[in-house]
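Observations on chain architecture
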Amino acid sequence: MTDTPRTLAEELRTRTDSGLVGLLRARPDLLNPVPGDVTQLATRAGTRASVVRAVERLDRFALQTAEALAVAPDPCPYGTLGALMGGDAGDEAVAAELPRAVAELRAQALVWGPDDRLRLVRTARELLTPSPAHPSPTGLGPTVAEAMAGMSPGRLQEIIAAAGLPATHDPVSAVAALTSLFRDRAGMAALLDTAPAESVAVLDKLLWGPPYGGVTDRPAPHLQWLLDRGLLIPAGGRNVVLPREAALHLRGGRAHRTPEPVPPALTPTTERDPQLVDSAAASQAFTALATVEELLKEWDLGGPPVLRAGGLSVRDLKRTAVALDTTEQLAAFWLELSYAAGLIASDGEADERYAATPAAEEWLELPDHERWAVLAAGWLPATRTPGVVGTADAKGRALAALGPNLDRSAAPEVRRRALGLLAGLPAGTSAPATAVLSRLRWERPLRGAQAAAGQDTAAASGDGSPAAPSPGDDLRTRLAQWALSEAELLGVTGRGALATHGRALIGAAGGGPQDAAVPPSPAETGAAASHAADLLAPLLPEPLDHVLLQADLTAVAPGPLRRPLAEALGVLADIESKGGATVYRFTPGSVRRALDAGRSAAELQEFLRTHSRTPVPQPLAYLIDDVARRHGQLRIGAAAAYVRCDDDALLSEILADRRAAPLRLRRLAPTVLAAQTAPDQLLDGLRAMGYAPAAESAAGDVLIARADSYRTAPRSAPAPVPDGPPSPDHTLLEAAVRAIRAGDLAATAERKPVRAPAPTPGALPRTTSAETLATMQAAVLTNSALWIGYVNADGAASQRVIAPVRVEGGFVTAYDHTSDEVRTYPLHRITGVAELADDAV
């Protein structure tokens with residue numbers, strides 16, 4: 001092999017093992033399956049799907065460098081590339097960053113060759129080279145040779161004559177002469193000095209792209225002047241194009257209008273006291289816990305039904321939003337967060353509906369900081385994206401909360417990158433969302449079909465706020481906006497700055513955007529969330545065991561209450577307002593609800609005296625006693641339904657009430673009324689009339705209306721949808737490189753000549769059984785390596801390099817350099833054997 005590699009495979013063979021490991025880590029799709037040798041690795045690295053994926057993951061300046069190589073001569077000297085990126089006048093920032101960009105392209109096998117002969121891989125050149133169907137972000141058009149292909153020789157001679165060039169003998173030399181003129185700065189300047197002002201104005205319009213324009217059948221004189229001299233070349237129909245060499249002269253040699261060698265700064269920043277940021281984040285984290293707990297309480301007896309197509313109906317989403325006192329979009333976030341944490345799921349029954357899972361019971365018993373860790377560990381790697389709820393899918397159907405098609409595989413990486421940028425700022429420092437989004441767009445300017453088309457449309461995306469992305473934003477921009485908004489809701493950030501526990505949370509991702517493309521394992525995420533929760537714990541308020549009763553039939557909880565107290569008070573009173581202090585209001589209905597749950601008036605009075613720092617107000621005591629005195633005086637049972645009461649005057653009063661007409665009551669006995677309605681409807685009807693009936697069992701005992709909680713069968717949280725192949729660990733990468741090296745050795749090692757005719761290139765060696773056995777036995781004695789052809793039980797043929805250790809019983813035991821392990825081969829499956837040259841291994 002020559003000193004200068006002739007192919008990408010030859011260049012990869014010269015790389016160190018660490019260089020190949022870096023390539024496989026940056027492009028994990030090359031590992032599945034592990035390439036058999038370096039040639040296979042190079043071939044796979046040049047496939048369209050793999051190249052598109054690699055180009056998508058370039059930062060803006062590396063992408064601009066690749067785009068410049070696509071319009072440069074092939075191969076391109078480093079100096080020519082530098083001139084294309086920095087222009088004739090040069091650019092210090094471009095010159096300083098260009099080596100990094102070229103090194104990144106080399107590391108990802110998108111560029112190969114020495115500095116004096118840089119080559120963009122063929123597939124990448126096809127993706128990024130300008131064409132009428134796929135304009136380049138450089139705004140450049142075809143070269144003179146490409147644009148003039150098929151032009152008549154006579155017309156070519158007319159053009160070079162009008163340009164002041166001597167006539168040539170063939171079209172090739174004519175095109176070469178015109179190309180040389182356009183590349184000659186002095187010659188082009190002299191030619192343009194003679195151009196009409198209108199002609200120069202036309203060139204200025206086409207200068208930065210698109211380079212195509214239209215003309216009529218009879219072009220104006222200033223256009224004809226350009227056409228006559230080849231500064232505009234016909235491009236089919238009535239279209240014309242500005243050739244690349246002329247555009248580069250007019251641009252001063254620059255391929256891009258605005259090179260971006262360095263990422264945009266995260267400015268202006270706002271500095272705050274880190275303790276203030278941590279406190280704000282902790283307050284929001286506690287609010288998040290309360291909201292999720294409220295959701296679980298709302299669905300305690302079973303949630304809404306599951307749509308046939310999956311997900312929650314619009315009406316049920318609105319009801320959930322009302323119950324949580326929030327917007328529908330935020331309600332979708334809390335639903336998806338709970339779902340990602342494994343706290344809610346569908347029950348899987350015939351009449352399928354949503355409900356809390358058994359894990360929700362365990363979650364409710366955990367300390368507050370550990371409950372937050374569960375939510376954070378579910379949110380960080382989640383690919384389900386609540387921000388798209390309500391938008392239409394590819395078939396025009398609205399996407400439902402908790403439904404299918406909400407996964408966006410890029411979400412975790414974007415989330416980690418956005419938080420990683422905030423982690424790079426000093427503690428307590430925040431940056432505007434627009435600055436974060438601009439930085440993210442610089443880091444990943446291409447995505448999906450945009451990369452395949454070679455169009456950098458991300459730069460034109462809107463700068464919507466995190467809470468309300470603009471409809472024109474690309475997906476990654478919207479994902480970043482949602483990530484910043486969700487981090488604030490969950491208490492990972494406070495007032496726009498990353499909290500101390502937020503920094504610990506993203507520690508699993510490396511703490512910076514440069515590592516965000518490598519997702520942490522679930523174990524790493526859980527450990528980071530646990531560490532973050534430990535830092536959050538001192539900032540969360542201590543639960544209280546008391547309330548303040550007031551004379552207006554309200555109770556004020558000056559802080560979060562202990563869970564048993566909050567549950568009991570939630571039955572006895574209705575929540576009137578939330579915030580730093582929760583206000584509960586006592587009503588006849590709420591007191592009756594507590595009595596229905598099996599509490600007596602005396603127990604309620606004692607409960608309030610025990611947990612109130614103020615005396616029980618007289619109006620509240622009277623309310624409890626009054627409701628308790630009337631509670632259960634009427635008894636509702638199941639016949640169809642009946643009303644029983646010892647006070648026949650009270651039953652007569654009910655019969656005489658016009659509001660009882662829908663219940664269709666009639667007297668069966670002085671103390672019994674029968675109803676032609678269900679017991680639960682009879683209960684509701686009499687309560688609406690102001691009475692306090694109680695349900696009773698068939699034995700005549702009062703039924704306690706405390707329903708059991710409804711839970712699903714054990715359910716696991718939804719698994720994130722990976723964005724491409726998983727990132728390989730270091731052990732796998734090292735093993736893959738060893739296998740590739742061994743396979744390459746088997747394919748390229750020099751063989752000693754054998755007596756039989758030499759095999760054709762790529763064919764398996766062929767020897768007789770006797771020669772194979774003799775060569776094997778000799779190799780065992782001399783401890784030498786052999787090249788063999790082998791056919792496995794499936795009939796697949798391969799060539800291998802082995803070092804025989806033992807030959808017996810029709811089998812050879814040998815160390816296989818290809819698989820890097822000791823293996824046993826049946827001799828009858830070995831097609832032939834050849835000795836390697838002395839220096840081959």
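Higher on the page you've got the structure.
Per-chain numbering applies: the sequence of each chain, read as written, is numbered from 1 onward. For this predicted model, a pLDDT threshold of at least 70 governs which residues receive local features, and a threshold of 80 or more governs which side-chain atom pairs are given and counted, while totals over whole chains, interfaces and linings are taken from all residues. Hydrogens and water molecules were not included; the side-chain quantities draw on all heavy atoms of the structure.

Observations concerning the overall build of the protein chain
Condition: The helix count covers DSSP runs of H or I at least four residues long, the strand count covers runs of E at least two residues long, and both are numbered beginning at the N terminus. Only C-alpha atoms enter the radius of gyration, while the globule expectation follows 2.2 Å times N to the 0.38, with N the number of residues. Note on exposure labels: buried denotes an accessible area under 20% of the residue type's maximum, exposed denotes more than 50%, and partly exposed covers the range between, all computed with a 1.4 Å probe on protein chains only. Residue contacts follow a heavy-atom distance rule, with two residues in contact if any of their heavy atoms lie within 4.5 Å. Computed by Shrake-Rupley with a 1.4 Å probe, the accessible areas treat only the displayed protein chains as cover when residues are assessed. Residues scored as charged are limited to Lys and Arg (positive) and Asp and Glu (negative), so that His and the chain ends carry no count. By convention, the charge on Lys lies at NZ, on Arg at CZ, on Asp at CG and on Glu at CD.
Across its full length, the protein chain holds 34 helices and 25 strands. At 39 Å, the protein chain has a C-alpha radius of gyration far larger than the 28 Å of a compact globule built from 841 residues. For the protein chain, the proportion of its 841 residues judged to be buried stands at 48%. Across the protein chain, contacts joining residues at least 24 apart in sequence account for 66% of those joining residues at least 6 apart. Carbon and sulfur atoms make up 54% of the accessible area of the protein chain, which totals about 38,700 Å². Charge separation in the protein chain, taken as the distance between the mean sites of 82 positive and 97 negative side-chain charges, equals 4 Å.

With respect to the sheet that holds strand 15 (residues 582–585)
The condition that has to hold: Whether two strands pair depends on DSSP finding at least two bridges between them. Between the N-to-C directions of two axes lies an angle of 0 to 180 degrees, each axis being a line fitted to C-alpha atoms and, for a helix, fitted only over the stretch in contact.
The sheet built from 4 strands is open, its strands ordered 12-13-15-14 with antiparallel pairing. Looking along the sheet, the strands with just one partner apiece sit at the ends: strand 12 (548–550) and strand 14 (574–577). For this sheet, the mean angle separating the axes of adjacent strands, direction not counted, is 30 degrees. In the sheet, strand 14 pairs with strand 15 via 3 bridges, with the strands oriented antiparallel. By the bridge assignment, Ile-575 is partnered in strand 15 with Tyr-584.

Description of the nonpolar core
A general feature of soluble globular proteins is that nonpolar side chains tend to end up buried together. Rules: Think of a nonpolar core as a cluster: buried Ala, Val, Leu, Ile, Met, Phe, Trp, Tyr and Cys residues, connected wherever their side-chain atoms sit within 4.5 Å.
The biggest cluster of nonpolar side chains holds 88 residues, and the ones touching the most others in it are Leu-24, Leu-81, Met-148, Leu-178, Leu-231 and Leu-232. No other element matches helix 5 (residues 60–70), which puts 7 residues into this core. With near-sequence residues (within four places) excluded, Leu-24 lies in contact with Leu-30, Leu-31, Leu-41, Pro-728, Leu-733, Ala-736, Val-737 and Ile-740. Among the nonpolar cores identified, the runner-up in size contains 71 residues, and Ala-282, Val-306, Leu-402 and Leu-479 belong to it.

Points about the pairing of strand 13 (residues 554–557)
Alternating positions in strand 13 separate into two faces, Thr-554 and Val-556 on one and Ala-555 and Ala-557 on the other, with burial throughout. Sheet analysis places strand 12 next to strand 13, joined by 3 bridges and oriented antiparallel. Bridge pairing links Leu-549 to Ala-555 in strand 13. Counted between consecutive antiparallel strands, the loop separating strand 12 from strand 13 contains 3 residues, among which Leu-553 sits at a positive phi close to 65 degrees. In this sheet, strand 15 lies alongside strand 13 in antiparallel orientation, the contact comprising 4 bridges. In the sheet register, Val-556 faces strand 15, and the bridge partner there is Val-583.

What to know about the side chain of Arg-60
The test is simple: A 3.5 Å cut-off defines polar contacts: any pair of N or O atoms within that distance qualifies, except that in protein one atom must be a possible hydrogen donor and the other a possible acceptor, and neighbouring residues in sequence count only when both atoms are side-chain atoms.
In this structure, Arg-60 sits in helix 5. Relative accessible area serves as the criterion here: at 5%, Arg-60 is assigned to the buried category. In this structure the side chain of Arg-60 is engaged in a polar contact, spanning 3.5 Å, whose partner is the side chain of Glu-260. From its side chain, Arg-60 meets the backbone oxygen of Arg-441 in a polar contact 3.4 Å long.

Let's talk about the pattern of salt bridges
We apply this condition: Within this document, salt bridges are pairs made up of a side-chain nitrogen of Lys or Arg and a carboxyl oxygen of Asp or Glu, the two lying within 4 Å of each other.
Taken as a whole and judged by the stated rule, the model has 38 salt bridges. Put simply, Asp-59 and Arg-100 hold a salt bridge, and the shortest N to O gap is 3.1 Å. Here Arg-100 lies in helix 7 (residues 92–107) and Asp-59 lies in the loop between helix 4 (48–56) and helix 5, a separation of 41 residues in the sequence. Classification of Asp-59 by relative accessible area gives buried; the value is 8%. A residue is classified by how much of its surface remains accessible, and Arg-100, at 31% relative accessible area, is partly exposed. Close ionic contact of Glu-443 with Arg-439 constitutes a salt bridge, the shortest N to O distance being 3.7 Å. Of this pair, Glu-443 and Arg-439 both sit in helix 22 (residues 433–443), 4 residues apart, which is roughly one turn of the helix. Residue Glu-443 shares its accessibility class with Arg-439, and that shared class is buried. Counted as one network, the salt bridges with shared partners bring together Arg-57, Glu-413, Arg-417, Arg-439, Glu-443 and Arg-444.

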